[in-house]
Amino acid sequence: MLSGQLGAAGTPQVILNITKHLHDKIDVEVAYLGGKNELVPGFEQHDINVHRLGDNPLSVKSVISLRQHLQKHNYDLVHTHMVTGGAIGRVVSKFTQIPVISTVHTSYDNRPVTAKVPDLLTSPFAAANVCVSDSVKQSLPTVYKRGAQTEVVHNCIDVEQARQTGAVTWDDLEWTTDIDREEQLIVNVARYDPKKRREDLIKALPDVLEVCPRTKLVLTGEGPRKEVIQDLAEDHNVADNVAFVGFVENPQSIYHHADIVALPSVSEGFSISMLEAMAHGKPIVATDIPPFREALGDNHAYVEPQSPMELGEQLRQVLSDDRKAKRLGNRAYKRVCENFSGEAAAKEYEKIYRSVLRDTQE
């Protein structure tokens, strides 16, 4: 397994969930090109060897170290993740004649040119592409898929670990300091990224407060757009009803204490935040985009993207109907357990590994 970095969230978490379920059947080692490393202890806890190849994912040292590492070890396959891991891993593996499987985590249309170009140029070197959702697969250019099998294996989550990690008492959490425990919490755990459409939550909040006045919107993260959202909250007279909690070391605790999880994105690959909300059995109000439909199913009620009025209406309905909220949360929990566990993803990847090995040995 080769990743650009091994930070605490997103793609590295998926890699951990896959590898720990593969480890009993396949000899798996993990390498990363540099950068963040918060998740390394998680791999080591499961007796998975981790190799740091450099200090910076884009450094020449990391590339040289990767080539030396692959030449030294007798690997049958290299499985790459993230743009840097994919682009660099495919090229170096090509020279060392090791088949490569690349997981594609984000929709191609939403990537910056600096990510699209190296990814596209190196894509022919992959023996197989694995997309984390059907919508990601559909977004890939034809040339990307030419000459390589392309499959879909959804992102996964360790459901019980997420629930256990989040079950922290309210008074023991720093992010709860300025929030009244009696308030109903709408939460959005994400970055300040335009595609997350946090402005729609701010615009929807006045309508929600008319029916449910003791409501607080909780927004995590830092970034240059944070001030834009804060100013928007002031403009809509809801600043007192929004908690900008910044970086939260244990985001699972936010899901644990939430009343609703709101996901108004206009685009996603296959949202880890969605899976985490489902793992905690929380009712979810989400926009009608293909990755969310893949996660929650066709019988869920969705809102149109960039429609604050419709978003506010759905939030009001769930906040004011405890039975509906519980029904939605139970359905989401059942679905994530059945469809998006690490064990399920590992089984699919094992099939792909064996298929690629058969093809390359013929």
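Computed from a prediction, not measured in an experiment: that's the story for all the values here. (Residues numbered from 1 in each chain as written. Predicted model: local features only at pLDDT ≥ 70, side-chain atom pairs only at ≥ 80, totals over all residues. Heavy atoms only, no water.)

**Looking at the environment of V30**
Here is step 1: With respect to the helices and strands, V30 occurs in strand β2 (residues 30-32).
Here is step 2: Note on V30: relative accessible area 1%, which makes it buried.
Here is step 3: Along the chain, V30 and I48 lie 18 residues apart, while their C-alpha atoms are 7.2 Å from each other.
Here is step 4: Once you skip the residues sitting within four places of it in the chain, V30 turns out to touch M1, L6, T19, F43, I48, N49, V50 and H51. (Helix = DSSP H or I, 4+ residues; strand = E, 2+ residues; numbered from the N terminus. Buried < 20%, exposed > 50% of the residue type's maximum accessible area, 1.4 Å probe, protein only. Contact = heavy atoms within 4.5 Å.)

**Observations concerning the sheet that holds strand β11 (residues 260-263)**
Here is step 1: Sheet architecture is open: five strands sit in the order β10-β9-β8-β11-β12, paired in parallel fashion. The strands lining the two open edges of the sheet, one partner per strand, are β10 (242-246) and β12 (284-286). Averaged over all pairs of adjacent strands, the angle between strand axes in this sheet comes to 25°, irrespective of strand direction.
Here is step 2: One ladder, built from four bridges, connects strand β9 (residues 215-220) with β10; its direction is parallel. The partner of T220 across the bridge, within β10, is G246.
Here is step 3: The strands touched by helix α10 (residues 226-235) are β9 and β10; relative to β10, the strand with the most contacts, the crossing angle is about 165°. (Pairing = 2+ DSSP bridges. Axes fitted to C-alpha atoms, helices over the stretch in contact; angles between N-to-C directions.)

**As for the side chain of S253**
Here is step 1: Among the secondary structure elements, S253 is positioned in helix α11 (residues 252-257).
Here is step 2: The buried category is assigned to S253, whose relative accessible area is 0%.
Here is step 3: Among the polar contacts made by the side chain of S253, one reaches the main-chain carbonyl oxygen of N250 at a distance of 2.6 Å.
Here is step 4: Aside from chain neighbours lying at most four places away, what touches S253 is G166, L173 and W175. (Polar contact = N/O pair within 3.5 Å; in protein donor to acceptor, adjacent residues only side chain to side chain.)

**Topic: the state of the cysteines**
Here is step 1: This model, assessed by the stated rule, comprises zero disulfides.
Here is step 2: C337 forms no disulfide, and the closest cysteine sulfur to it belongs to C156, at a distance of 13 Å.
Here is step 3: Since its relative accessible area comes to 31%, C337 is described here as partly exposed. (Disulfide = S-S within 2.5 Å.)

**Observations regarding the layout of surface pockets**
Here is step 1: Approximately 530 Å³ is the volume found for the second largest pocket.
Here is step 2: Lining the second largest pocket we find 23 residues, and of these D27, V28, Y75, D76 and L77 sit closest to its centre.
Here is step 3: Those elements that provide at least two residues to the lining of the second largest pocket are β2, α3 (60-72), β4 (78-80) and α16 (342-361).
Here is step 4: Taken together, the residues that form the lining of the second largest pocket break down as 14 nonpolar, five polar and four charged. (1 Å grid on protein atoms, 1.4 Å probe; cavity = no way out; pocket = protein on both sides within 12 Å on 5 of 7 lines; lining within 4 Å. Points joined across faces, edges and corners; volume = space filled by probe spheres on them. Nonpolar A, V, L, I, M, F, W, Y, C, P; charged D, E, K, R; others polar.)

**Re helix α9 (residues 198-211)**
Here is step 1: With 14 residues, α9 extends 21 Å from end C-alpha to end C-alpha; this agrees with the ideal 20 Å at 1.5 Å per step.
Here is step 2: Of all bends in α9, the biggest is about 35°, found at L205, and the proline P206 comes one to four residues later.
Here is step 3: Burial in α9 covers these residues: R198, E199, D200, L201, I202, A204, L205, V208 and L209.
Here is step 4: Check the buried side of α9 and you find it contacts β8 (184-188), β9, α10, β10, β11 and α14 (308-319). (Expected span 1.5 Å × (residues − 1). Bend = angle between axes of the 7 residues up to and from the residue.)

**Some thoughts on the environment of G269**
Here is step 1: Here G269 lies in the loop between β11 and α12 (272-279).
Here is step 2: Measuring from C-alpha to C-alpha, the distance between G269 and S135 comes to 7.3 Å, with 134 residues separating the pair along the chain.
Here is step 3: Other than its neighbours up to four places away in sequence, G269 contacts H105, T106, S107, V132, S133, S135, V136 and P291.

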